[in-house]
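# Remarks on the overall topology
What follows is each chain in one-letter form.
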Amino acid sequence: MIIRRLAAMAGVVTAAALLPALPAAAHGAPTTPISRTAACASGGSDTGAAACKAAKTANGGALGNFDNLRIPDVNGNDRARVPDGKLCSGGLDAYRGLDLARDDFPATSVSSGQTLKVKYRATIPHAGSFRIYLTNSGYKATKKLAWSDLGSKPLAEVKEPALHDGAYSMTVKLPQRTGRQILYIVWETSSTPDTYYSCSDLSFKAAAKPKPTTKAPASSAPASKKATASPAAAAPDTTTSAAPAATTEPSEQAQVLTPVGDQSSATLGHSLIAGAAVLGGGAVLWAAIGGIRRRRRQS
Ligand SMILES: [Cu+2]
């Protein structure tokens, strides 16, 4: 009898140990400007971009969950833990396709000097701080991202930003850049051991050309307006390498993403949720085993 009870208990403990791997393992990633994880990885907005398809192929199938690119116990030593050339994947196998050196990952169109809104979707909020880096002007999208591309200091450091509608909101002023760049965001949480990494591709608009100094006569104003309007509007767009479909509207992105337990409070870490899952699962299993044993005794 004692042996049977012990065996049943062992079964519950084993099953409970497997449970945390199932749900509730979801945390966060930037949706504005859209990150490679949010654009390409599982549970993201599934943009279907060619770069995302290539990333999945390079990964040998599906990528990991968009909000789960994290490494435990980094404690601020990002450069020691994340290898050069693997910054976008954090060096994690499940995301290695995101390291591809391509200039057509879904990108956000920005301007030099712009104050950029950053929305970091928190499927499970955690206390912590963000370090936001931008690639140097010498960065080339044809090379895999390395730490030397980012400079020694982040563009911005934000501690405990406000959480609005399931996303941390921050702003960062963009310096002078041209063409393709990457906003590299590190989220070091303090309520869990994890640090999260992400690459958001940016496409800087070409600087506005100085207006031609020749003034048209006043009488021809309506005609010249029409003539200059369309070429001027079309010209800057062609300088970005992203296809029009690839540049994404931030507000739409957030809605497409599938939230997982996004209403949990900041203090309620995923470890607590996992713990609850273990207890709940254990109770269900215990009841089930009890039922089987009772039935066996009756027969
Ligand atoms: Cu988490």
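Residues numbered from 1 in each chain as written. Predicted model: local features only at pLDDT ≥ 70, side-chain atom pairs only at ≥ 80, totals over all residues.

### Comments concerning the overall build of the chain
Within the chain one finds 7 helices and 10 strands. Put simply, the chain has 299 residues, and 34% of those count as buried. For the chain, long-range pairs separated by at least 24 residues make up 78% of all intrachain contacts whose partners lie at least 6 apart in sequence. (Helix = DSSP H or I, 4+ residues; strand = E, 2+ residues; numbered from the N terminus. Buried ≥ 20, exposed ≤ 12 C-beta atoms within 10 Å, placed from the backbone. Contact = placed C-beta atoms within 7 Å.)

### A look at the nonpolar core
Among the nonpolar cores identified, the biggest contains 47 residues, and Y120, Y184 and I185 are the most heavily contacted of them. Among the elements of the structure, α2 (36–40), α3 (50–59), β4 (115–122), β5 (128–134), β8 (167–173), β9 (179–189) and β10 (194–204) are those that each provide at least two residues to this core. In terms of residue count, β9 provides more of this core than any other element does, 6 residues in total. The residues contacting I185, other than those within four sequence positions of it, are P30, Y120, F130, I132, S198 and S200. (Core = buried A, V, L, I, M, F, W, Y, C linked by C-beta atoms within 7 Å.)

### Side note on the sheet that holds β8
Read from one edge to the other, the open sheet built from 4 strands follows the order β1-β4-β8-β7, with strand pairing classed as antiparallel. For this open sheet the edge positions go to β1 (28–32) and β7 (163–164), each flanked by a neighbour on one side alone. Sheet analysis places β7 next to β8, joined by 2 bridges and oriented antiparallel. Counterpart to L163 in the pairing with β8 is Y168. (Pairing = 2+ DSSP bridges.)

### Points about the pairing of β1
Burial within β1 is extensive, with 5 of its 5 residues counted as buried. Two elements, β1 and β4, share 4 bridges in a ladder whose sense is antiparallel. The residue bridging T32 from the neighbouring strand is K119, located in β4.

### Here we look at the pairing of β4
For β4, the buried fraction is high: 6 of the 8 residues fall into the buried class. Judged from the 7 bridges that link them, β4 and β8 form a sheet pairing that is antiparallel. Counterpart to V118 in the pairing with β8 is M170.

### Observations concerning the confidence of the model for the chain
For the chain, per-residue confidence averages 77 on the pLDDT scale, and residues scoring 70 or more make up 61% of the total. Overall, residues 6–24 carries pLDDT values under 50, and its contacts beyond four positions in sequence, including any with other chains, amount to 24 contacts. Counting interchain partners and residues more than four positions distant, the pLDDT-below-50 stretch residues 216–269 has 73 contacts. (pLDDT = per-residue confidence, 0-100.)

### Remarks on α3
When we look at burial in α3, the residues that qualify are A51, C52, A55 and N59. Down the axis of α3, the sector holding all buried residues measures 100 degrees, keeping them to one side. Elements in contact with the buried residues of α3: α2. Two residues or fewer past α3, G60 is found with a positive phi of approximately 75 degrees. (Arc of directions from axis to C-beta.)

### Observations concerning the environment of S112
Among the secondary structure elements, S112 is positioned in the loop between β3 (108–110) and β4. For S112, a count of 14 C-beta atoms within 10 Å translates into the label partly exposed. Residues S112 and L174, spaced 62 residues apart in sequence, show a C-alpha to C-alpha distance of 5.7 Å. Sequence-distant contacts of S112, that is, excluding residues within four places in its chain, are made with L174, P175, Q176, R177, F204 and A207.

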